[in-house]
Amino acid sequence: QVQLVESGGGLVQAGGSLRLSCAPSGKIVSMNNMGWYRQGPGNQRELVAAVASDGSTNCADSVKGRFTISRDSAKNTFYLQMNNLKPEDTAVYYCNADLKVTMFRPMRNYWGQGTQVTVSS
């Protein structure tokens with residue numbers, strides 16, 4: 001069964017950078033509407049950044065100018081580049097995307113398992 005697999009989380013000092021990656025675990029037909037979400041301690045899951053099928057992007061105000069979402073269509077992978085990290089960015093980060101796994105199944109929404117990002121002050 002295809003899953004979304006994330007990588008790149010970890011512990012970093014304030015002001016540092018991390019890059020998260022997300023890709024399907026197996027072959028797919030197409031991937032659209034990709035996004036990164038995060039859930040900090042005691043908080044609801046929130047949208048961090050998203051990229052649509054037409055390549056347009058949007059980011060939460062709290063990360064504008066620091067985080068960038070991008071995609072590599074050839075690799076079926078999308079990324080979240082996080083610069084100038086702050087302690088308040090500490091959260092579990094989840095990737096999300098619509099995947100069409102086979103020609104015979106409709107597109108469906110998938111979540112990654114989550115990766116911890118911890119920013120120390």
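Structure: see above.
Residues numbered from 1 in each chain as written. Predicted model: local features only at pLDDT ≥ 70, side-chain atom pairs only at ≥ 80, totals over all residues. Heavy atoms only, no water.

J.: Whenever I open this one, the overall build of the chain confuses me. Can you help?
T.: Check the secondary structure of the chain and you find 0 helices and 11 strands. Order of helices (α) and strands (β) in the chain, N terminus to C terminus: β-β-β-β-β-β-β-β-β-β-β. For 121 residues, the compact-globule formula gives about 14 Å, and the C-alpha radius of gyration of the chain, at 14 Å, lands near that figure. With respect to the principal axes defined by its C-alpha atoms, the chain has extents near 50 × 25 × 25 Å. Across the 121 residues that make up the chain, the buried fraction comes to 40%. Long-range contacts, defined as pairs at least 24 residues apart, comprise 57% of the intrachain contacts of the chain with a sequence gap of at least 6. As displayed, the chain has an accessible area near 6600 Å², and 47% of this comes from carbon and sulfur atoms. Across the chain, the 12 positively charged side chains and the 8 negatively charged ones have centroids separated by 8 Å. (Helix = DSSP H or I, 4+ residues; strand = E, 2+ residues; numbered from the N terminus. Rg over C-alpha atoms; globule rule 2.2 N^0.38 Å. Buried < 20%, exposed > 50% of the residue type's maximum accessible area, 1.4 Å probe, protein only. Contact = heavy atoms within 4.5 Å. Areas by Shrake-Rupley, 256 points an atom, 1.4 Å probe, with all protein chains shown as cover. Lys, Arg positive; Asp, Glu negative; His and termini not counted. Charge placed at Lys NZ, Arg CZ, Asp CG, Glu CD.)

J.: Please clarify how the side chain of N96 should be interpreted in this entry.
T.: Of note, N96 is situated in strand β9 (residues 91-100). At 2.8 Å, the side chain of N96 forms a polar contact with the side chain of N109. Among the polar contacts listed, one links the side chain of N96 to the backbone oxygen of Y110, at a separation of 3.1 Å. The contact partners of N96, leaving out residues within four places of it in the chain, are L4, N33, M34, G35, Y37, F78, N109, Y110 and W111. (Polar contact = N/O pair within 3.5 Å; in protein donor to acceptor, adjacent residues only side chain to side chain.)

J.: Got a minute to help me understand the environment of G114 in this structure?
T.: Along the chain, the position of G114 falls in the loop between β10 (108-111) and β11 (115-120). Each C-alpha atom, one on G114 and one on V5, is 8.4 Å from the other, the two residues being 109 residues apart in sequence. With sequence-adjacent residues up to four places away left out, G114 is seen in contact with E6, V92, Y93 and Y94.

J.: Would you take a moment to explain the state of the cysteines for this structure?
T.: Put plainly, a disulfide is one covalent bond tying together the sulfur atoms of two cysteines. Scanning the entire structure with this criterion turns up 1 disulfide. What pairs with C22 in a disulfide is C95, and their sulfur atoms sit 2.1 Å apart. Note on the C22 and C95 pair: the S-S dihedral is about 55°, so by sign convention the disulfide is right-handed. Taken together, the residues C22 in strand β3 (residues 18-24) and C95 in strand β9 connect sequence positions 73 residues apart. Each member of the pair, C22 together with C95, is buried. Free of any disulfide, C59 has its nearest neighbouring cysteine sulfur in C95, separated by 16 Å. (Disulfide = S-S within 2.5 Å.)

J.: Help me understand the environment of Q113 in this model?
T.: Checked against the element boundaries, Q113 lands in the loop between β10 and β11. Separated by 29 residues in the primary sequence, Q113 and N84 have C-alpha atoms spaced 25 Å apart.

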